[in-house]
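Survey of secondary and tertiary structure
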Amino acid sequence: MMTSPRRLRNKRALAVAGLVAVAAPILSSCGFDYATDRPNVIADGGYHITGDVHVLAARIVTPAKGSGTFVATLTVDPHADSTQLTGITGDGVTAGQFSPIDIQSNGMVNLFTQGGIPVTGSFEAGDSVPVTLTFANGDSIEVNSVVVKQCYEYADVKTLPSTGKKGQAQAQPTGEPYTCEYPTSGASPTTGGE
């Protein structure tokens, strides 16, 4: 029995359509490591979100040039052991004495509200300062900390009490205290305007 030309065209069209349907997903995936598959933190402040310990929104809040308070949110993954923040160092940054800060497994410490670590150095508002955080588990994490004035949302940042030796000289700010400029339209951060 002979197949009609019309039936033959229909079979070919169906075969081509089937091939296209099978090949479309393969052809449309032109690679790996898409930008939409990678973490993308669009924010001001230092972030480190790989490994067991994460550092979020690292900043130095400064009332005057040369002194400030290091703040960040620190977390530990659920599958990792608890650890402690034991030190902060940086090029041109010196941290005051502080007791190790406990971070529980699957836990979080917010230095913005629980008290940041006093720092001094050659920085001023607007700078981005690389600092290295060291932890009791052996991790060492470098983040760029944005230096911000102690104004507006940072006005209430607390500072942990120093655990330095009695009589030890404390570094002083090297500049005049910053002023907080409010909008000239009559609004202020506390009143919200008219």
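Placed above this text is the structure.
Residues numbered from 1 in each chain as written. Predicted model: local features only at pLDDT ≥ 70, side-chain atom pairs only at ≥ 80, totals over all residues. Heavy atoms only, no water.

**Remarks on the nonpolar core**
Ranked by internal contacts, the top residues of the largest apolar core, which has 35 residues, are V55, F70 and L133. Listing elements by their share of this core, those giving two or more residues are β2 (53-64), β3 (67-76), β4 (83-90), β6 (101-103), α2 (111-114), β8 (117-121), β9 (128-135) and β10 (140-149). Setting aside anything within four residues of it in sequence, one finds L133 in contact with V55, F70, L74, L85, G87, I88, D139, S140 and I141. (Core = buried A, V, L, I, M, F, W, Y, C linked by side-chain atoms within 4.5 Å. Buried < 20%, exposed > 50% of the residue type's maximum accessible area, 1.4 Å probe, protein only. Helix = DSSP H or I, 4+ residues; strand = E, 2+ residues; numbered from the N terminus. Contact = heavy atoms within 4.5 Å.)

**Section: the side chain of T75**
Along the polypeptide, T75 turns up in strand β3. With a relative accessible area of 14%, T75 lands in the buried category. Excluding its chain neighbours within four sequence positions, the residues that come into contact with T75 are D52, V53, H54, L56, I103, G107 and M108.

**Concerning the environment of I49**
Structurally, I49 is set in the loop between β1 (46-48) and β2. A C-alpha to C-alpha distance of 9.3 Å links I49 and T75, two positions 26 residues apart in sequence.

**As for the pattern of salt bridges**
Within the structure shown, the criterion is met by 2 salt bridges. Between E124 and K65 there is a salt bridge, with its nearest N and O atoms 4.0 Å apart. Residue E124 is found in the loop between β8 and β9, and its partner K65 is found in the loop between β2 and β3; the two are separated by 59 residues along the sequence. The class for K65 is partly exposed, based on a relative accessible area of 36%. In this structure, E181 and K149 form a salt bridge, with 3.5 Å as the shortest nitrogen-oxygen distance. Here E181 is found in the segment after β10, whereas its partner K149 is found in strand β10, with 32 residues between them in sequence. The exposure class assigned to E181 is partly exposed, which follows from its relative accessible area of 47%. (Salt bridge = Lys/Arg side-chain N within 4 Å of Asp/Glu carboxyl O.)

**Considering the environment of I141**
Tracing the backbone through its elements, the reader meets I141 in strand β10. Along the chain, I141 and H54 lie 87 residues apart, while their C-alpha atoms are 8.7 Å from each other.

**Points about the state of the cysteines**
Tallied over the full model, the rule gives 1 disulfide. A sulfur-sulfur separation of 1.9 Å characterises the disulfide bridge that pairs C151 with C180. Across the S-S bond linking C151 and C180, the dihedral sits near -80 degrees, which makes this disulfide left-handed. Highlighted residues: C151 in the segment after β10 and C180 in the segment after β10, separated in sequence by 29 residues. The exposure class assigned to C151 is buried, which follows from its relative accessible area of 4%. Of the residues examined, C180 reaches a relative accessible area of 27% and is grouped as partly exposed. (Disulfide = S-S within 2.5 Å.)

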